[in-house]
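Fold and geometry: a report
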Amino acid sequence: MTTPPSLTPPTDTFASRIETCLANRDWPALKQLAERLEPSEVATLFDELGPPEYTLLYRSLPRDLAADAFSFLEDDKQQDLLRELTEQETRTLLADLSPDDRTFLFEELPANTAQRLLNLLGAEDRKESLMLLGYPKDSVGRLMSPDFATIRPEMTVAEAIDAIRQQAPQSETIHMVYVTDAHDRLIDELRLRRLILEPPDRRVAELLGGDPVSLNAFDPEGAAVTAMKETGYFALPVVDSQGILIGVVTADDVLELAVEEATEDIHKGAAVRPFETPFLETPSRSMFSGRVAWLMPLVGVNIISGWAIHHYEEMIQAYFALAFFLPLLIASGGNAGAQSATLVVRSMALGDVRPTDYLRVLVKDVGVALMLAASLAAAVFLLGLWRAGGGVALVVAISMAIIVVFGSVLGMSLPFILRRLGLDPATASSPLVTSMADIVGVFIYLGIASIILGSLAS
């Protein structure tokens, strides 16, 4: 629970007071200040203090707060801190971390460093960590915690509450408790609130519905996000292929995962290679390489548009008004395509659209695209009539209609194609769709112009 605002001084005040304590080597005062911090506030202070100072601050934290605060730190801060701590301090920290946070830490470290830290763990913790690391990367097995509370169906409610009380200190969460049989197979799940409200002598078996929502350890991480969104549960059980309960995924892990996935999709949607560090902490060289890797190929693709314009140079010189409408038309096609791509990619991410829904999505998108095409074509026809006469107005209107429909279908189809090829649909970025729509739009526009205006001239 967050400390009430009245008891928690502003972080900048804390930072200055902590810096004063560090400068004066006033360790008792530093310890008193550290005890009043929340884990998230510690992470904020780490951003404001230098490595020597934040290491001393960390050593002043109470043991239970230190592990929670560590899980809030950015990856680079975690690794910097580990380099500063002694072997015994590191062993204590690793032992206090929750299994899922410990697994995430090992995933981000170089292999030799992770192995060194694994060797510092006790036999039980090492076995637990190796078990979690044995699941595929980005699977639910890596995300889950093996610490949870279970009860048996033959227990009374009073016995079940006693069992939960004994397991609570080691459990990731007790908002939801799990009913298992003698072979540890998952039977059902019950909210703790439900148990508390039942008569003490009632049997747990009488409360069961028998249809628990669960995840498989080998499911992709995204399945946890989808399942938690659909159920609204604080935690979801994880089972193996035989239905044996082996772990639990909690809302804090799923929220963090959802933020990471959304950020990655946004970056890809803008044709930027995803970054793993905050914006201000990402080196300029990394940002440059992450952006130029997309922009350079797109420049090459757009050269084709220039070649098309050069190919129809004589016609453009004869009907110079065509050049006025060219940016308008290709921008409309690209924008329509980017809209469709964004809607489909997001719907896929939310699970609203599956790969098998292509034809349904196509029919719906074409219907909308035709309405958009008719509206925009009418608008540019009037503009063309005013600026260049009936011939050019007709060319612009027909071109607008075809380009908008093509751009929409392209933007809608590209995520499906990428998913079929085993690629991330989010790669169907706005710049990619826009560039492809631009090229085809130029050919459509100038091709129609040559046909209509050529026939009118003859």
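You'll find the structure just up there.
We now turn to the structure provided with this report. Bear in mind that the values here come from a model prediction, so they are computed numbers and not experimental data.

The next thing to look at is the overall build of the protein chain. When helices and strands are counted, the protein chain shows 21 helices and six strands. Taken over 458 residues, the protein chain has a buried fraction of 41%. Within the protein chain, residue pairs in contact and separated by at least 24 positions form 66% of the contacts whose partners lie at least 6 positions apart. Accessible surface, the protein chain as shown: approximately 24000 Å² in total, 60% of it carbon and sulfur.

Strand order across the open sheet formed by three strands is β4-β5-β6, with mixed pairing between neighbours. At either end of the open sheet lies a strand with only one pairing partner, and these are β4 (215–216) and β6 (245–250). The strands touched by helix α14 (residues 221–231) within the sheet are β4, β5 (235–239) and β6, with β5 carrying the most contacts at an inclination of about 135°.

Take the nonpolar core next. Counting residues in hydrophobic clusters, the biggest one holds 36 residues, and the most contacted among them are Ile18, Leu57, Tyr58, Leu61 and Phe70. At five residues, the largest contribution of residues to this core is made by helix α5 (residues 63–72). Not counting chain neighbours up to four residues away, the residues in contact with leucine 61 comprise Ala34, Leu37, Val42, Ala66 and Ala69.

Below, the discussion takes up α5. Of all the residues in α5, the buried ones are Leu65, Ala66, Ala67, Ala69 and Phe70. Looking at the buried positions of α5, the neighbouring elements they touch are α2 (27–35), α3 (39–48), α4 (51–60), α6 (75–84), α7 (87–96) and α8 (99–108).

For the rest of this paragraph, the subject is the pattern of salt bridges. Taken as a whole and assessed by the stated rule, the structure comprises twelve salt bridges. The salt bridge partner of arginine 59 is glutamate 89, with a shortest N-O separation of 3.0 Å. Here arginine 59, found in helix α4, pairs with glutamate 89, found in helix α7; they are 30 residues apart in sequence, far enough to count as distant. Taking relative accessible area as the criterion, arginine 59 reaches 39% and is therefore assigned partly exposed. Notably, a salt bridge pairs arginine 185 with aspartate 181, separated by 3.2 Å at the nearest N-O pair. Judged by relative accessible area, aspartate 181 falls into the buried class, the value being 19%. Bridged by salt links that share partners, the residues Arg194, Glu198, Arg202 and Glu206 form one connected network.

Evaluation of the coordinates by the stated rule reveals three aromatic pairs. An angle of 90° between the planes, with centres 4.9 Å apart, marks the rings of phenylalanine 324 and phenylalanine 325 as edge-to-face. Take phenylalanine 324: its relative accessible area is 40%, and that puts it in the partly exposed class. A relative accessible area of 1% means that phenylalanine 325 is categorised as buried. Ring geometry for tyrosine 358 versus phenylalanine 416: centroids 5.2 Å apart, planes at 80°, classification edge-to-face. Remark: phenylalanine 416 occurs in helix α20 (residues 390–420) and tyrosine 358 occurs in helix α19 (residues 358–388); sequence separation between them is 58 residues. Since its relative accessible area comes to 27%, tyrosine 358 is described here as partly exposed.

Reading the values: rules and limits
- Residues numbered from 1 in each chain as written.
- Predicted model: local features only at pLDDT ≥ 70, side-chain atom pairs only at ≥ 80, totals over all residues.
- Heavy atoms only, no water.
- Helix = DSSP H or I, 4+ residues; strand = E, 2+ residues; numbered from the N terminus.
- Buried < 20%, exposed > 50% of the residue type's maximum accessible area, 1.4 Å probe, protein only.
- Contact = heavy atoms within 4.5 Å.
- Areas by Shrake-Rupley, 256 points an atom, 1.4 Å probe, with all protein chains shown as cover.
- Pairing = 2+ DSSP bridges.
- Axes fitted to C-alpha atoms, helices over the stretch in contact; angles between N-to-C directions.
- Core = buried A, V, L, I, M, F, W, Y, C linked by side-chain atoms within 4.5 Å.
- Salt bridge = Lys/Arg side-chain N within 4 Å of Asp/Glu carboxyl O.
- Phe/Tyr/Trp six-rings, centres within 6.5 Å; stacked < 30°, edge-to-face > 60°.

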